[in-house]
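Architecture and fold: a report
Listed below, chain by chain, are the residues.
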Amino acid sequence: DGGITQSPKYLFRKEGQNVTLSCEQNLNHDAMYWYRQDPGQGLRLIYYSQIVNDFQKGDIAEGYSVSREKKESFPLTVTSAQKNPTAFYLCATHRTAGTPLHFGNGTRLTVT
Amino acid sequence: QKEVEQDPGPLSVPEGAIVSLNCTYSNSAFQYFMWYRQYSRKGPELLMYTYSSGNKEDGRFTAQVDKSSKYISLFIRDSQPSDSATYLCAATGPEAGGTSYGKLTFGQGTILTVHP
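The following refers to the structure shown. Counting starts from 1 at the beginning of each chain's written sequence and moves along it residue by residue. Chain letters start at A and ligand numbers start at 1, both assigned in the order the entries are written. Side-chain atom pairs in this predicted model are given and counted only at pLDDT of 80 or more, local residue features only at pLDDT of at least 70, and totals for whole chains, interfaces and linings cover all residues. Each side-chain value is worked out from all heavy atoms of the structure, with water and hydrogens disregarded.

Moving on: the sheet that holds strand 7 (residues 61-66) of chain B. All names here are of chain B. One open sheet accounts for five strands, arranged 1-3-8-7-6; its pairing is antiparallel. Edge positions in the sheet fall to strand 1 (4-6) and strand 6 (54-58), since each has one partner strand and no second. Averaged over all pairs of adjacent strands, the angle between strand axes in this sheet comes to 15°, irrespective of strand direction. Sheet topology note: the strand 7/strand 8 (residues 71-76) ladder contains six bridges and is antiparallel. Among the inter-strand pairings, Val 65 is bridged to a residue of strand 8, identified as Ile 72. Pairing between strands is defined by DSSP: at least two bridges between the two strands are required. Here a strand is any run of E in DSSP of at least two residues, a helix any run of H or I of at least four, and the numbering for each starts at the N terminus. Helix axes are fitted to C-alpha atoms over the stretch in contact, other axes to C-alpha atoms as well, and angles between N-to-C directions run from 0 to 180 degrees.

If you want it as structure tokens, here you go:
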């Protein structure tokens, strides 16, 4: 069953803790992306990776880190430096340049 | 000013109505335009994907892009209660999106409710 798997679906953490969100894909897509969604603000790009062992900052990278050690996996770490981490986090991939992004079903992170 | 502006709604229509969803954008470099549908607590699902200006139809859905006025529209004919969702417009281009065009700029989303 091909697709993008994000886990967990819901995540709760205390303020000051780092947390890692998982994104796995079996679509054999090269490019992977992390977006953040807040109510009334649409989606904003955090980080993206076009190839293994390489990634670039998006528009709101501060307080986040990523790695891309395998083509299938692009985990996102929300660090304690992220001032407003509570949000819906979405991972996306696409096959080649000019093809549309496809999204996973997201992880809702709540930090208290 | 946001690069992509979308009327946030909410929009409530009766079943069978024609729905018109609209976005405007300011970045002339945008070449690819998308509409996504997002159900509550789910990821966005691609509905329509168009390149440059023109119309694209897929079943009950029609996407229109007018690059001269920087206007993007999605029309839904014979709307159904199952169309109730948040609709997101998005755009990208060679300068905005990098070499892979995956850096999308999204509108804020329009919440649509179709009532029986």
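Glancing now at the packing of aromatic side chains. Classification of ring pairs uses Phe, Tyr and Trp, with its six-membered ring standing for Trp, and accepts pairs whose centres are within 6.5 Å; under 30 degrees between planes counts as stacked, over 60 as edge-to-face, and the remaining range as tilted. Counted by the stated rule, this structure contains 12 aromatic pairs over all chains. On the basis of an interplanar angle of 80° and a centroid distance of 6.0 Å, the ring pair of Tyr 47 of chain A and Phe 55 of chain A is categorised as edge-to-face. Looking at Tyr 47 of chain A, the relative accessible area reads 8%, which means it is buried. Given the relative accessible area of 36%, Phe 55 of chain A is considered partly exposed. On the numbers, 4.9 Å between centres and 50° between planes, the contact of Tyr 32 of chain B with Tyr 51 of chain B is tilted. Taken together, the residues Tyr 32 of chain B in strand 4 (residues 32-38) and Tyr 51 of chain B in strand 5 (residues 45-51) connect sequence positions 19 residues apart. Between buried and exposed lies partly exposed: a residue is buried under 20% and exposed over 50% of the maximum accessible area for its type, with that area taken using a 1.4 Å probe on protein chains only. When its relative accessible area of 15% is taken as the criterion, Tyr 32 of chain B is described as buried. Site record: aromatic cluster; members linked through ring pairs are Tyr 35 and Phe 103 of chain A together with Tyr 36 and Phe 106 of chain B. Of note, Arg 68 of chain A hangs over the ring of Phe 74 of chain A, and the distance from its end group to the ring centre comes to 6.0 Å. Either the NZ atom of lysine or the CZ atom of arginine qualifies as a charge over a ring when it sits within 6 Å of the ring centre and within 35 degrees of the ring normal.

Once that is clear, we can look at the interface of chain B and chain A. Contact between two residues is taken to exist if any of their heavy atoms lie within 4.5 Å; hydrogens are not considered. With 20 residues of chain B at the interface, the matching set in chain A holds 26 residues. Summed over both partners, the interface of chain B with chain A comes to about 1900 Å²; 55% of that surface belongs to carbon and sulfur atoms. Salt bridge, as used here: a side-chain nitrogen of Lys or Arg that lies within 4 Å of a carboxyl oxygen of Asp or Glu. Our count for the chain B to chain A interface comes out at zero salt bridges. A 3.5 Å cut-off defines polar contacts: any pair of N or O atoms within that distance qualifies, except that in protein one atom must be a possible hydrogen donor and the other a possible acceptor, and neighbouring residues in sequence count only when both atoms are side-chain atoms. Across the contact surface, chain B and chain A share four residue pairs in polar contact (both at pLDDT 80 or more). Any residue outside Ala, Val, Leu, Ile, Met, Phe, Trp, Tyr, Cys, Pro, Asp, Glu, Lys and Arg is labelled polar, Gly included; the first ten of those are nonpolar and the last four are charged. Of the residues assigned to the side of chain B that touches chain A, the class counts are nine nonpolar, seven polar and four charged. A simple way to read buried area is as the amount of 1.4 Å-probe accessible surface that goes missing from two parts once joined, with both sides added.

We now examine the pattern of salt bridges. Using the criterion set out here, one finds six salt bridges over all chains in the structure. For Asp 38 of chain A, the salt bridge is made with Arg 44 of chain A, and the minimal N-O distance between the two is 2.8 Å. Since its relative accessible area comes to 12%, Asp 38 of chain A is described here as buried. The residue Arg 37 of chain B makes a salt bridge to Glu 45 of chain B at a minimum N-O spacing of 3.2 Å. Arg 37 of chain B sits in the buried class, given a relative accessible area of 12%. Judged by its relative accessible area of 34%, Glu 45 of chain B is partly exposed. Overlapping salt bridges bring together Arg 36, Asp 38 and Arg 44 of chain A as one network.

The next point concerns the state of the cysteines. Cysteine sulfur atoms that pair up within 2.5 Å are treated as a disulfide. Taken as a whole and judged by the stated rule, the model has two disulfides over all chains. Bridging Cys 23 of chain A to Cys 91 of chain A, the disulfide has an S-S length of 1.9 Å. Taking the sign of the torsion about the S-S bond as the criterion, the disulfide between Cys 23 of chain A and Cys 91 of chain A, at about -70°, is left-handed. Here Cys 91 of chain A lies in strand 9 (residues 87-94) and Cys 23 of chain A lies in strand 3 (residues 19-25), a separation of 68 residues in the sequence. The buried category is assigned to Cys 91 of chain A, whose relative accessible area is 0%. Two residues share a disulfide in this structure: Cys 23 of chain B and Cys 89 of chain B, whose sulfurs sit 1.9 Å from each other. On the sign convention where negative means left-handed, the S-S torsion of about -105° between Cys 23 of chain B and Cys 89 of chain B marks this disulfide as left-handed. Of the two residues, Cys 23 of chain B is situated in strand 3 (residues 19-25) and Cys 89 of chain B in strand 9 (residues 85-92); the sequence distance between them amounts to 66 residues. Overall, Cys 89 of chain B belongs to the buried group, its relative accessible area being 0%.

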